[in-house]
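Next come the chains, spelled out residue by residue.
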Amino acid sequence: MPVMNMVQALNSALREEMRRDSRVVILGEDVGRRGGVFLVTEGLIDEFGPERVIDTPLTEAGIVGVATGMALYGLKPVAEIQFIDFIYEAFDQIFTNLSKLRRRTGGMYSAPVVIRGPCCGGVKGGMFHSQSNESYFIHTSGIIVLMPSRPYDAKGLIKSAIRGEDPVIFLEPKILYRAIKEDLPEEDYTVPIGKARVVKEGSDATIITWGAMVYKALEASKLVESRHGWDIEIIDLRTLHPFDKNAIVESLEKTGRLVIVHEAPKTLGLGAEIAAYIAENYIDLLKAPIARVTGYDVPYPLAHENHYLPNIARIYMGLSKVMKY
Amino acid sequence: MPVMNMVQALNSALREEMRRDSRVVILGEDVGRRGGVFLVTEGLIDEFGPERVIDTPLTEAGIVGVATGMALYGLKPVAEIQFIDFIYEAFDQIFTNLSKLRRRTGGMYSAPVVIRGPCCGGVKGGMFHSQSNESYFIHTSGIIVLMPSRPYDAKGLIKSAIRGEDPVIFLEPKILYRAIKEDLPEEDYTVPIGKARVVKEGSDATIITWGAMVYKALEASKLVESRHGWDIEIIDLRTLHPFDKNAIVESLEKTGRLVIVHEAPKTLGLGAEIAAYIAENYIDLLKAPIARVTGYDVPYPLAHENHYLPNIARIYMGLSKVMKY
Amino acid sequence: MENPFREYSLSDLGFDLSRALGLYRVINVDGMPITGREPSLSSDLLLNMYIFMVRARILDEWILKLQRIGKVALHAPNKGQEAVAVGSAMALDRDDWLFPSYRELGAYLARGMSEEEILDRSMINIDDPLRGSEFAIYGHRRYNIIPAPVPVGSQIPLAVGAAIAAKILKHKTVTMAIFGDGATSRADFHVGLNFAGVFKAPVVLVIQNNQWAISTPAIRQTASRTFAIKGVAYNIPSVRIDGNDILAVYTTALEAVERARTGEGPTLIEAVTYRLGPHTTADDPTRYRYKEEVEFFEKLDPIPRFRKYLILKGIMTESEDKRIWEEWSAKIEDIVKNCYNKPQLPVEVIFENVYSKPTWNLLEQQEELKESLRLINELGLGAE
Amino acid sequence: MENPFREYSLSDLGFDLSRALGLYRVINVDGMPITGREPSLSSDLLLNMYIFMVRARILDEWILKLQRIGKVALHAPNKGQEAVAVGSAMALDRDDWLFPSYRELGAYLARGMSEEEILDRSMINIDDPLRGSEFAIYGHRRYNIIPAPVPVGSQIPLAVGAAIAAKILKHKTVTMAIFGDGATSRADFHVGLNFAGVFKAPVVLVIQNNQWAISTPAIRQTASRTFAIKGVAYNIPSVRIDGNDILAVYTTALEAVERARTGEGPTLIEAVTYRLGPHTTADDPTRYRYKEEVEFFEKLDPIPRFRKYLILKGIMTESEDKRIWEEWSAKIEDIVKNCYNKPQLPVEVIFENVYSKPTWNLLEQQEELKESLRLINELGLGAE
Ligand SMILES: Cc1ncc(C[n+]2csc(CCOP(=O)(O)OP(=O)(O)O)c2C)c(N)n1
Ligand SMILES: Cc1ncc(C[n+]2csc(CCOP(=O)(O)OP(=O)(O)O)c2C)c(N)n1
Ligand SMILES: [Mg+2]
Ligand SMILES: [Mg+2]
């Protein structure tokens, strides 16, 4: 079985999908010879040529708008946004066309573009190379939002995205690109959209998280286990929209205590929706208030990002809050 | 005292602010001779001339970007977006420059632009003349978000916005433009940012709402009062960010029951943040689950919008849920 | 790499700038052909052009009437612009794709859409092909007409992307986008044309310059002398034509479609015309333009102009013309009546076509809708 | 209303297209002046130009070094582009406003920013004027340099808006934006230039065409023959110049600034140059361009070229030149050492400058930060 990091897993997924289906094309800034700034598309231009691995002019609105037109016509474009922080120029196309095309056309057309790009912080990337902006997409109906935390899921989820019939925003925590290696199956596999993954079972409290925070949550759970003997369950959401409510509810049925951890700013981060959903439908399961441990409501800072992001101390505080209630 | 509808209240506020401060300028599509498509800027070009009431080319990105540059230089631009549904082209400028300029420049510069425009539904406006897209702005730090529900607040809040030092998104429920008339004070007044308004006192349950839903909530409260004798408190948030958490908590201390009503789609609508905030910090006050009555998670429909929007039946359902718990 | 320090001259541009600055006409304002420019087209084709314009004009008036009585939510009148819509759409083949805006009834008809399909749309009835999703836009997969988004210009990158896709797939499809002078100010125009130029996309881009974007005159929209000249920025050959001369529109569009189809890439066409009606049924143009201006341009109406030409050439007689109007007026009136009484769309359309399969939150919310319908019924409430 | 059906010709364009297609030079690649083009500038001014370029070069190398040892997060090397930065910034007056991008050290210096202020920024230390908000961007209110946003091109509408504001306020201020060839593809370029044209904004728009946008060559960025020709789309007079010839840059920028100041509106300048270094310290240009290409362009380096000119004209001797380099190398080394040891910014900067006054959610979150700092201390945790 091949050992791969997330970049390699994504690269091999793209390669396999492009071999499987000649309609799959890649477009974006510097995706060709350069292989993308993180090398996710490295070598693909050699195998598939510049008609299927397309270096574009520098405009995210153009990339997404043109990809939408391509998908409408019948291709399966995978559009790279060099850093997801640069996607805002494309918001008009995403909100006006991409997400609403099926609806606007009474179901006669659709544009299942996969937009992928590096997201999230932790690499001293500063204000525009670190953002976690998933909320904008989650609030917008018509889009699927995914974020893998390990090579296996990255490969399996992007394949599901490419084979699916809906537009997808595929967010790749850049800090994880080369941080983790895994044995991946030789054979073709997919990871289903909409299913969370139990990272660690536990009985005292549930942490719902995703992306790189999965690993912070693991470390924090070890700390509280050793200091207090608390047994924490950790769930990696993987699909941010539509999120796996059953997985959350099942875990809460066991633990009754909920901590949500994410990098995005707190106000209207996805944690808000999860907390609201529970407060609306499953408040009886709660033995304590819900805690959110999140990025602060500020533009992503270059200086001291480790204090902006949820860190072990802050997750500890969240766990203490629900455990000591 | 002059009797005014919301259009007139806004028009007079703009006129007074432009007289008070020569740095205040208006720009947008058709704001000059045409007076804006809803006539909010009617007649202003006659008094202040085309240098201060500026018809622009058809580009929201240009309007907001140029307004940001103007504000940076020292003007006080009030930028009209013809329908707030068209603002997405400007998101890059809003998220990259407008909201982050103070931060990006270490506090050396800021761009306190007021962006205003008609929002929300109920007028058979269809997909792109009906949206309630406040969540995008609320999730973005650095911006104030306001939505008045009556002429008095419209005038007082936009004055606060214009005199303030931060960028503001000022959302005007178009269905209310001419629906309500009020006696307004002759003298200059402002309505403070960040303060909610108790529309109706009550002791059994609290409805938090804003915009045109205030009136739906009032009707629903009458229905449940007459049918069940329930005494509903209704709070008009007015400032959506930063919302008046004290007003919410004070009301909940009394009622212990919370229904949030808004037009925006449910998933990550502001209701999610309010519910999460309470579930995090004041869960003890709750005698029942929180209920959200909101627009559905679909693109705004032209057909049957009255069933998409919270209606009396749905608010009744929400109230029943918290009352019969 | 070519030496970037080399100098260029006008002759290095990919096309003749004078076509982007002039105004091409085939027949003059009195319907007289200009020597040497007349295409050799069959009488049938010429008559069809005329009939499409007539049908569009009659239909436009009907939708206006229906709007006035509250049966249609909003309408953007087409009057005066029929030649651009019909002439450019007719240059396309069946398999080509059209990305129109909201003011091209003649184009939908010319692509084969029926008045009935259009009126079902206007009245948002049970047969509305777009299922009540939006007003004032039209389209149908059957005719490769992609319904426009209301935010103007947003269809441009789509048309370009579809064209690039066709090229990648080695199809012979050509795509065409039609949009207004106002739309040229938007980001989508710039990014779309830039891609079209770089990738030599088989796309025809038609600017319908009707002098106004609501109350904003074309000269306030941009400082550039003509809209066509903007093609220079993308090295896209550009032509400025009299958009009230359907033969100029048709022949220019045909040339552009052929260029696209034979791999020569995009063309930008500025069709100069005039919006005789209000911007939409919600507009009051007397606030920003003079009656005299409109009266002046009424004299340049493309329909009587082409009628004169057809009569002059003996392709149609006065009485045949009269019959065409009568016949289509009667036919369309019948269609209106038929569509008028069709039932509404069911309330469930609210949840249709968001995803390929409804997500769980939508299923939950559908239950909420059902429950509310039950309650409305039970309590005798309205749907407010 | 002007008759919209009138025809235009090349002479109706507001300017001479050949300037947008040619390549203006004052000194040739060997430093020889071209007859009739030399401006009469004082020796002091000429020497200053040179010294600014030298300082930028030395500083650039230092920041690169500091990046390599981890003291600077990221750097976008300036090497080879000093003439554009210095020449255009020097054309501005003190009260004018500069909206640069991230690759213009020479421009910051020419506006009066000191090496110390720049290095405090690079190293994000306690004196960082931008308070640790972002890397690789520079600016300071004291010098009317507006820090760039990292998303390229986003500063263009700001520069245009500020220029329109100055015009409305009847100030004589001129604004200048500098941005790359890649940035011309973005929406901001289009909407900014369109406003500049329509409102005759007193703005100078400098495209620093360094042939590359990371790995994307200029010819893939757009199909247009030159970038300057894009000005036609907005009726903005445009000039294409040799950006490695500081005298061509300075005199063209000066002319543009004067036009702006006297109410004649915007100018677009394409300065053709070459990026000798990698895109940023995170880039590996060997993936997409040949060593030979870089070597070729190294011979066109603007600094030796201008040195030759100065020596030829007797404005500087070889030994004076040597002294300049030595003097500034020593000075800058001292400054680096000084900045190197300055303390970090306090962690509280995270919450600074979001609003004019912190909102309640920020105050609550500040408490959370404090509590977490306490806990980190108590438990002996790192800040991970
Ligand atoms: C992005 C966007 N902004 C604003 C509007 C509101 N609006 C509708 S049509 C229109 C004018 C469009 O002018 P033009 O492109 O010339 O087309 P025309 O209506 O003249 O056919 C405006 C401003 C819109 N539809 N889309
Ligand atoms: C909107 C946006 N998209 C992508 C990037 C990533 N990126 C940084 S610089 C760059 C290339 C810029 O090229 P150009 O404008 O020519 O400037 P240069 O770097 O050559 O000076 C890219 C793609 C960015 N900064 N902003
Ligand atoms: Mg128009
Ligand atoms: Mg470049």
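Novice: How do you make sense of the packing of helix 7 (residues 187–198) of chain C against helix 7 (residues 187–198) of chain D when you look at a structure like this?
Specialist: Axes are the key here: two packed helices are described by the angle between their axes and the distance separating the axes. Where helix 7 of chain C contacts helix 7 of chain D, the two axes come as close as 8 Å, and the packing angle between them is 125°. The orientation of helix 7 of chain C with respect to helix 7 of chain D, classified from their angle, is oblique. Relative to helix 7 of chain D, the crossing made by helix 7 of chain C is right-handed. Along the contact surface, helix 7 of chain C presents C:Ala187, C:Phe189, C:His190 and C:Val191, while helix 7 of chain D presents D:Ala187, D:Phe189, D:His190 and D:Val191.

Novice: Any chance you could explain the sheet that holds strand 5 (residues 114–119) of chain B here in plain terms?
Specialist: Paired through their backbone hydrogen bonds, the strands of a sheet run either parallel or antiparallel. Residues and elements named next belong to chain B. Taken together, the seven strands give an open sheet; going across it, the order is 3-2-4-5-7-6-12, and neighbouring strands pair in mixed fashion. The strands lining the two open edges of the sheet, one partner per strand, are strand 3 (53–55) and strand 12 (239–241). Along the sheet, successive strands turn relative to each other by an average axial angle of 20°, direction set aside.

Novice: So what exactly am I meant to see when it comes to the relation of the copies chain C and chain D here?
Specialist: Here two copies of a chain appear, and what relates them is a rotation about an axis with a shift along it. Expressed as a screw operation, the relation of chain C to chain D combines 0.0 Å of axial shift with a rotation of 180°, fitting to an RMSD of 0.0 Å. Interpreted geometrically, this transformation is the action of a two-fold axis. No C-alpha of chain C lies nearer the rotation axis than that of C:Ala187, which sits 2.3 Å from it. The residues that chain C uses at the interface reappear at the interface of chain D in 100% of cases, marking a shared surface.

Novice: Is there a simple way to explain the site of ligand 2 in this structure?
Specialist: Around ligand 2, 20 residues are found, and the nearest of them are A:Glu60, D:Tyr102, D:Arg103, D:Gly182 and D:Trp212. Around ligand 2, the nearby residues trace back to chains A and D. D:Asn210 places a polar side-chain atom, nitrogen or oxygen, 2.9 Å from an oxygen atom of ligand 2. Residue D:Trp212 places a main-chain N or O atom 2.8 Å away from an oxygen atom belonging to ligand 2. With the chains in place, 96% of the 570 Å² that ligand 2 exposes on its own is no longer accessible. Per-class residue counts for the shell around ligand 2 are 10 nonpolar, five polar and five charged.

Novice: Help me understand the confidence of the model for chain C, please; the structure alone is not making it clear to me.
Specialist: When pLDDT drops low, the exact placement of atoms in the prediction is not to be read closely. This prediction gives chain C a mean pLDDT of 97; 99% of its residues lie at or above 70. Two summary scores accompany this predicted model of the complex, namely pTM at 0.98 and ipTM at 0.98.

Novice: What exactly am I supposed to notice about the site of ligand 1 here?
Specialist: Taken together, 20 residues form the shell around ligand 1, and within it B:Glu60, C:Tyr102, C:Arg103, C:Gly182 and C:Trp212 come nearest. Residue neighbours of ligand 1 fall on chains B and C, so the site bridges chains. Between ligand 1 and B:Glu60 there is a distance of 2.7 Å, counted from a nitrogen atom to a side-chain nitrogen or oxygen. Between ligand 1 and the protein, one listed contact pairs an oxygen atom with a side-chain N or O atom of C:His279 at 3.4 Å. Burial of ligand 1 by the protein amounts to 96% of the accessible area it has alone, namely 570 Å². In the shell around ligand 1, the residues fall into 10 nonpolar, five polar and five charged.

Novice: Would you mind showing me how to read the sheet that holds strand 6 (residues 238–242) of chain C here?
Specialist: Residues and elements named next belong to chain C. Reading across from one edge, 1-2-3-7-6 is the order of the five strands in this open sheet, with parallel pairing throughout. Among the strands making up the open sheet, the edge pair consists of strand 1 (97–99) and strand 6. Here the strands of the sheet are splayed against their neighbours by 20° on average, with no regard to which way each runs. Each of strand 1, strand 2 (175–180) and strand 3 (203–209) touches helix 6 (residues 155–168); the most contacted strand, strand 2, lies at about 170° to it.

Novice: I keep staring at the coordination of the magnesium ion (ligand 3) and nothing clicks. Help me out?
Specialist: Each angle at a metal carrying four tetrahedral donors should ideally be 109.5 degrees, and each at a metal carrying six octahedral donors should ideally be 90 or 180 degrees. All names here are of chain C. For the magnesium ion (ligand 3), every protein donor is listed as Asp181 (OD), Asn210 (OD1) and Trp212 (O), and the spread of their distances is 2.1 Å. Linear spacing of the donor residues for the magnesium ion (ligand 3) on their chain is D-x28-N-x1-W. The same class applies to Asn210 and to Trp212, which are both buried.

Conventions we followed
- Residues numbered from 1 in each chain as written.
- Chains lettered and ligands numbered in written order.
- Predicted model: local features only at pLDDT ≥ 70, side-chain atom pairs only at ≥ 80, totals over all residues.
- Heavy atoms only, no water.
- Axes fitted to C-alpha atoms, helices over the stretch in contact; angles between N-to-C directions.
- Helix = DSSP H or I, 4+ residues; strand = E, 2+ residues; numbered from the N terminus.
- Parallel < 35°, antiparallel > 145°, perpendicular 65-115°, else oblique.
- Left-handed = near helix turned anticlockwise from the far one by under 90°.
- Contact = heavy atoms within 4.5 Å.
- Pairing = 2+ DSSP bridges.
- Least-squares fit on C-alpha atoms with pLDDT ≥ 70 in both.
- Near = heavy atom within 4 Å.
- Polar contact = N/O pair within 3.5 Å; in protein donor to acceptor, adjacent residues only side chain to side chain.
- Areas by Shrake-Rupley, 256 points an atom, 1.4 Å probe, with all protein chains shown as cover.
- Nonpolar A, V, L, I, M, F, W, Y, C, P; charged D, E, K, R; others polar.
- pLDDT = per-residue confidence, 0-100.
- Donors = N, O, S within 2.8 Å, 3.2 Å for Na, K, Ca; no water.
- Buried < 20%, exposed > 50% of the residue type's maximum accessible area, 1.4 Å probe, protein only.

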